[in-house]
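Breakdown of the fold
Here are the chains, one letter per residue:
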Amino acid sequence: MNQQLPQVPTKLLIDGKWLEGTKESVSVTNPATNEELVKVSQGGIDETKQAIDAAAKAFTDWSKRSPRERADLMNKIADLMEQESDRLAKIMSMEQGKPLKEAEAEIQSNVDNFRWNAAEAQRVYGEVIPAPAHNHWLVRKEAIGVVGAITPWNFPSNMIARKIAPAMAVGCTLVMKPSKETPLSALALGELFQQAGLPDGVVNIVLGDSSEIGKELTENKQVKKITFTGSTKVGMKLYEQAAPTLKKVSLELGGHAPFLVFADADLDLAAEKLIAAKFRNNGQVCTSPNRIFVEESIKEAFTKKLLGQMEAVTVGNGLENPTVGPLINQASVKKIIDQLEDAVNKGAKVLFGGKKLTEGEYEKGNFFAPTVIDGITPDMTIYYEETFGPVIPLISFTDRQAVIAAANDTEFGLASYFFSTNLQTISDVAQNLQYGMVGVNDIAISNPAAPFGGVKHSGFGRENGKYGPEEYVTVKFIAIDAQ
């Protein structure tokens, strides 16, 4: 595979123009080699204000266009994404590290998301309410206005699509702030927006210090909505900063997903799905299984099947399509090492992997061996702290109600999974898991047609499905006296 980075913009996109920022440019590196890919321009408060002004100006025209006209442009963008999918996927794999096939699937998800929202936004219906004689009562749903969208590095393209698509479909305009770790995927999409003929100012992309730009987006009165995907700590800060201007806010925050395997489960299926879910995007997924509860009576049999399937897991540069690529940075590697050391010191046992990879092709990158560790207990850091990496921690249980309580024993409530063939168990566990999403004998919980989001400290609001566009509209009641 050619290791050369495809051509991609490196400046800020504001009001349809590629602008050099006033701050010092920064490097984007490849986590597989820690080598510089390119330098990108950086802006600050002034550029953010300029982008907000451009979005506010563009809103007047964009919000008044027909849903069909906006949909046509969105479908044109989807066409361009499909045509450029190989290039977009390679850019993503090189700046973020995920396996190329996963990057390709992410681009396809973008395409699906734009097409879904282009159609769905044409069905954001108002309402006629029965009223007293001579009166007409109407309900309209209108675009909320300028949206500030802040996205993470782990899905540097799809997190953008999931926010941009429903917002622009209903008539909003946006100022995007992608992660400093992975700005290239955002800039590559911005280039396609221009090629499709998207009007200037509808989507603007600013790069720079996250706290500085985030503060301006949350405090600027022209911004009417904030949407953020990232850590709970940062989400809380943005929520606090947005409070004085009473912005509408949606937050998709941290996760600590339980994965329950009951004695009557299909153990081969459970092991296969666990590996697929845990090692997707190198374990760096907010919906990734983090606490694996296995019923004691089948623990030995399940562990044997799991370890057998682990032998086929490969590690390498994302462009070579391994199962697991590099982590985003050295800090992520250190966090895993610290968690494992703490667990082992308190009695846990590493059954597979358990170390940073440093030899040969792994020497310069942020690689960590896919790991299985057994004997996890609540006094270990890994039990309560999210692991953003390729580690499978095993925990025994004997009682259904006790394991439901244990699964819910976290401040997070994004995704959860369990495997059982007993209908009573399925009904009981599905209803009592305190999570926004529950996968039963399956891990496929993210799709443009289905609502995605969490509860508790995993945030609020929903992306995807018919719920996505609703996050970007306001409801207006009109009472007409026809006498």
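Residues numbered from 1 in each chain as written. Predicted model: local features only at pLDDT ≥ 70, side-chain atom pairs only at ≥ 80, totals over all residues. Heavy atoms only, no water.

**Observations regarding the overall build of the protein**
- Within the protein, the secondary structure is distributed over 15 helices and 22 strands.
- The C-alpha atoms of the protein give 23 Å as radius of gyration, which agrees with the globular expectation for 483 residues (23 Å, within 12%).
- Taken along its principal axes, the extent of the C-alpha atoms in the protein is 75 × 60 × 40 Å.
- For the protein, with 483 residues in total, the buried portion stands at 55%.
- Considering only intrachain contacts with a sequence separation of at least 6, the fraction spanning at least 24 residues in the protein is 75%.
- Seen as two clouds, the 50 positive and the 60 negative side-chain charges of the protein have centres 5 Å apart. (Helix = DSSP H or I, 4+ residues; strand = E, 2+ residues; numbered from the N terminus. Rg over C-alpha atoms; globule rule 2.2 N^0.38 Å. Buried < 20%, exposed > 50% of the residue type's maximum accessible area, 1.4 Å probe, protein only. Contact = heavy atoms within 4.5 Å. Lys, Arg positive; Asp, Glu negative; His and termini not counted. Charge placed at Lys NZ, Arg CZ, Asp CG, Glu CD.)

**A closer look at the UniProt feature "domain: Aldehyde dehydrogenase" (unreviewed entry) in the protein**
- Here, the residues flagged by UniProt with the feature "domain: Aldehyde dehydrogenase" (unreviewed entry) are residues 18-478.
- Annotated as residues 18-478, this span is 41% helix and 22% strand, and its ends, taken at the C-alpha atoms, are 42 Å apart. (UniProt positions renumbered as here; feature names shortened; annotations may be inferred.)

**What about the nonpolar core?**
- With 78 residues, the main nonpolar core has Phe 114, Ile 164, Met 168 and Phe 193 as its most contacted residues.
- Setting aside its immediate chain neighbours within four residues, Met 168 contacts Trp 62, Arg 70, Met 74, Ile 77, Phe 114, Leu 174 and Leu 198.
- Val 261, Ala 271, Phe 367 and Val 372 belong to the second largest nonpolar core, which has 35 residues in total. (Core = buried A, V, L, I, M, F, W, Y, C linked by side-chain atoms within 4.5 Å.)

**So, the environment of Leu 238**
- Along the chain, Leu 238 turns up in helix H8 (residues 232-242).
- Separated by 28 residues in the primary sequence, Leu 238 and Ser 210 have C-alpha atoms spaced 11 Å apart.
- Residues contacting Leu 238, with those up to four places away along its chain left out, are Ile 150, Gly 214, Thr 218 and Phe 228.

**Things to note about the pattern of salt bridges**
- Scanning the model with the defined rule gives 25 salt bridges in all.
- Put simply, Asp 15 and Lys 57 hold a salt bridge, and the shortest N to O gap is 3.2 Å. One end of the pair, Asp 15, is in the loop between strand E1 (12-14) and strand E2 (17-19); the other, Lys 57, is in helix H1 (residues 45-62), and 42 residues separate them in sequence.
- Measuring nitrogen to oxygen at the nearest pair gives 2.8 Å for the salt bridge that ties Asp 338 to Lys 334. With Asp 338 and Lys 334 both in helix H11 (residues 330-345) and four residues apart, this pair spans about one turn of that helix.
- For Asp 338, a relative accessible area of 36% puts it in the partly exposed group.
- Classification of Lys 334 by relative accessible area gives partly exposed; the value is 49%. (Salt bridge = Lys/Arg side-chain N within 4 Å of Asp/Glu carboxyl O.)

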